[in-house]
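In case you want the letters, here they are:
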Amino acid sequence: MSTFVLVPGFWLGAWAWDEVAAPLRAAGHDVHPVSLPGLAERAGEQGDFGLEEHIADLAELLVREDLWDVVLVAHSGACAPVGGVADRMPERIRRVVYLDSGPMVDGASVYDLWQPDFRAEADATVVDGRFPMPSWEYMADHGSSLEGLDEATLAQVRTRLTPHPVGAYRDALRLTGAGAALPQALISCSFPLEQVRALIAAGHPWFVGMDRPNWELRELPTGHWPMFSRPADTAALLAELAAI
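Conventions and cut-offs
Residues numbered from 1 in each chain as written. Predicted model: local features only at pLDDT ≥ 70, side-chain atom pairs only at ≥ 80, totals over all residues. Heavy atoms only, no water. UniProt positions renumbered as here; feature names shortened; annotations may be inferred. Helix = DSSP H or I, 4+ residues; strand = E, 2+ residues; numbered from the N terminus. Buried < 20%, exposed > 50% of the residue type's maximum accessible area, 1.4 Å probe, protein only. Contact = heavy atoms within 4.5 Å. Polar contact = N/O pair within 3.5 Å; in protein donor to acceptor, adjacent residues only side chain to side chain.

- The name an unreviewed UniProt entry gives the protein is Alpha/beta fold hydrolase, with Kitasatospora cathayae as the organism.

1. Re the UniProt feature "domain: AB hydrolase-1" (unreviewed entry) in the protein
Okay, so step 1: UniProt tags residues 4-236 as "domain: AB hydrolase-1" (unreviewed entry).
Okay, so step 2: Spanning residues 4-236, this segment combines 36% helix with 15% strand, and its end C-alpha atoms are found 13 Å apart.

2. What about unusual backbone geometry?
Okay, so step 1: Even without being a glycine, tryptophan 11 presents a positive backbone phi close to 75°.
Okay, so step 2: For tryptophan 11, a relative accessible area of 4% puts it in the buried group.
Okay, so step 3: With phi around 55°, aspartate 69 is a residue other than glycine that occupies positive phi space.
Okay, so step 4: Along the polypeptide, aspartate 69 turns up in the loop between α2 (51-64) and β3 (70-75).

3. Quick look at the environment of threonine 3
Okay, so step 1: Mapped onto the elements of the fold, threonine 3 is located in strand β1 (residues 3-7).
Okay, so step 2: Owing to a relative accessible area of 15%, threonine 3 belongs among the buried residues under this scheme.
Okay, so step 3: For the pair threonine 3 and arginine 25, spaced 22 residues apart in sequence, the C-alpha separation works out to 9.9 Å.
Okay, so step 4: Once residues lying within four places of it in the same chain are set aside, the contact partners of threonine 3 are Asp30, His32, Leu67, Trp68, Asp69, Val70 and Val71.

4. Looking at the side chain of arginine 42
Okay, so step 1: Mapping arginine 42 onto the fold places it in the loop between β2 (30-33) and α2.
Okay, so step 2: Classification of arginine 42 as buried rests on a relative accessible area of 19%.
Okay, so step 3: Within the local environment of arginine 42, its side chain forms a polar contact with the backbone oxygen of serine 35, the two atoms lying 3.0 Å apart.
Okay, so step 4: A polar contact of 2.8 Å, which involves the side chain of arginine 42, links it to the side chain of glutamate 45.
Okay, so step 5: Aside from chain neighbours lying at most four places away, what touches arginine 42 is Ser35, Leu36, Pro37 and Asp57.

Here it is in structure tokens:
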């Protein structure tokens, strides 16, 4: 059996993994869904909560729960804190899995990945150091597919979202390279795996190295939030990757 640490993307908390965690636990796996500082049930915590605080929180979880041989899962913007903790504690990680996400490069921030108008939207709507999620329509128009999500699900999820700390997406990730050789995987959901392979072949800087033997590439056709649109299939694919 495997140990999973599930880190959700922006605006989400541990609750986002409920329907993924349930089948994994039923199969006997040890599952730790995460709410990062300043989010979900931790929204009332005081602090600026930059990327460093999010990385440190994940590291503290691994130590506090004495977790080893971990399958560390990053959905979307969780790529930054997950990449950071994998770089600092590679000895505790079995595999890093990027769920409709991808690895960050040294010196970059999630903010760097956003389109200029999305950065402008974020800058204009920040309140008390937190960025509330734009409308679902706006997200879809900016590359976050809503495939597989009906109106009832969108409404339910919307009620549980919390604004995201600014520093967590603006701060640059600093890497030593210590985690680069770890087994890693990409699960492509909202864009075809063929497109990923083309970017790898073209030498795109964000995809360099993903053709190496320590990488597994998988496809789960759905929208950007597979934990809501295809939770059982997400769990099955995570279990498959953990067993490799």
